[in-house]
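# Residue-level structure breakdown
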Amino acid sequence: MVPDDRVLELKKILNKQGVKYDDEATYSEVANELVDFYAMLAEWEDEEQQLKDRLKESPKGFALSGEGRNCPLCRDYITEDMWYDKWGQKCMTCQKALDKKIVPGYCFDDYKNEKHITDRTMKLQLGVRAAVIRKLVRQGKLKARVVPGSGVLVFLKKENPNITGVIEADRQTSKGC
Ligand SMILES: [Zn+2]
């Protein structure tokens with residue numbers, strides 16, 4: 001529990017920023033939540049640091065328990081092992097595709113999709129149907145790299161400089177069909 005004098009300090013800071021609670025107990029609750037939050041951040045940074053230290057000893061990376069995290073590329077929950085290297089953590093299926101140079105490493109920390117996009121992300125963010133994506137690949141309008149095992153399609157921006165344009169053009173021609 002956060003001591004009362006500290007809660008009072010937080011109350012002053014919050015009030016200064018225009019945040020006011022009717023109930024005094026709320027200030028105490030907020031203070032305790034903040035402490036938990038910072039503890040969690042510190043723990044997370046600790047973990048990151050430990051992984052980076054281990055990477056210095058094993059530059060090629062190492063296996064870790066997935067613990068239900070998401071793979072940054074295929075987005076699948078990782079229930080078994082995952083692989084950690086300089087590109088971060090990822091599922092073993094995607095790691096194999098990286099090892100075989102089917103997908104470049106930068107796809108794994110390209111969270112804003114500036115250099116690549118997968119068919120799964122296209123469906124979610126651009127609302128493109130799977131059948132349309134497959135058709136565009138078949139027609140050679142989009143160039144896909146296929147992750148063996150999961151079948152996830154990876155589109156690199158350097159090979160597909162105008163993905164949204166291709167999709168838009170297809171939407172126009174498909175209208176009224
Ligand atoms: Zn994956």
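Conventions and cut-offs
- Residues numbered from 1 in each chain as written.
- Predicted model: local features only at pLDDT ≥ 70, side-chain atom pairs only at ≥ 80, totals over all residues.
- Helix = DSSP H or I, 4+ residues; strand = E, 2+ residues; numbered from the N terminus.
- Rg over C-alpha atoms; globule rule 2.2 N^0.38 Å.
- Buried ≥ 20, exposed ≤ 12 C-beta atoms within 10 Å, placed from the backbone.
- Pairing = 2+ DSSP bridges.
- Axes fitted to C-alpha atoms, helices over the stretch in contact; angles between N-to-C directions.
- Contact = placed C-beta atoms within 7 Å.
- Parallel < 35°, antiparallel > 145°, perpendicular 65-115°, else oblique.
- Nonpolar A, V, L, I, M, F, W, Y, C, P; charged D, E, K, R; others polar.
- Domains from an automatic or database assignment.

Attention now moves to the overall build of the protein chain. If you tally the helices and strands in the protein chain, you get six helices and eight strands. The order of α-helices and β-strands along the protein chain, N terminus first, is α-α-β-β-β-β-β-α-β-α-α-β-β-α. Relative to the globule expectation of 16 Å for 177 residues, the C-alpha radius of gyration of the protein chain, 23 Å, shows a markedly less compact shape. Residue burial in the protein chain is summarised as follows: out of 177 residues, 20% are buried.

Moving on, we get to the sheet that holds strand β5 (residues 88-91). Here three strands make up an open sheet; going across it, the order is β1-β4-β5 and the pairing antiparallel. Of all the strands in the sheet, just β1 (62-65) and β5 have a single pairing partner and so form its edges. In this sheet, neighbouring strand axes are inclined to one another by 40° on average, regardless of whether the strands run parallel or antiparallel. Examined bridge by bridge, β1 and strand β4 (residues 81-85) share four bridges and lie antiparallel to one another. Paired with Phe-62 across the two strands is Tyr-84, which belongs to β4. Lying over the sheet, helix α3 (residues 92-99) contacts β4 and β5, oriented at roughly 110° with respect to β5.

Next up on the list: the pairing of β5. Each regular strand shows side chains that alternate between the opposite faces of the sheet. As judged from the four bridges shared by β4 and β5, these two strands associate in the antiparallel manner. Across the sheet, the residue bridging to Met-82 is Cys-91, located in β5. The hairpin turn running from β4 into β5, its antiparallel successor, is two residues long.

It is worth spelling out the sheet that holds strand β6 (residues 116-118) at this point. With antiparallel pairing, the three strands of this open sheet are ordered in space as β6-β8-β7. Looking at which strands have only one partner, the edges of the open sheet turn out to be β6 and β7 (145-146). The pairing of β7 with strand β8 (residues 153-156) spans two bridges and is antiparallel. Bridge pairing in β8 places Val-146 opposite Leu-153. Relative to β6, helix α4 (residues 119-126) is tilted by about 85°, and along the sheet it contacts β6 and β8.

Moving on: the packing of helix α1 (residues 4-16) against helix α2 (residues 24-57). With their axes 9 Å apart at the nearest point, α1 and α2 run at an angle of 95° to one another. It follows that α1 is roughly perpendicular to α2 by the angle criterion. In this structure, α1 uses Arg-6, Val-7, Leu-10 and Lys-11 to contact α2, whose residues at the interface are Tyr-27, Ser-28, Val-30 and Ala-31. Here the contact of α1 with α2 is composed, by residue class, of five nonpolar, one polar and two charged.

Here we take up the domain arrangement of the protein chain. Domain parsing of the protein chain yields domain 1 (4-55) and domain 2 (62-174). Centre-to-centre, using C-alpha coordinates, domain 1 lies 36 Å away from domain 2.

This part takes up the environment of Asp-109. Structurally, Asp-109 can be placed in the loop between α3 and β6. Classification of Asp-109 by C-beta neighbours within 10 Å gives partly exposed; the count is 13. In this structure the C-alpha to C-alpha distance between Asp-109 and Glu-43, which are 66 residues apart in sequence, comes to 21 Å.

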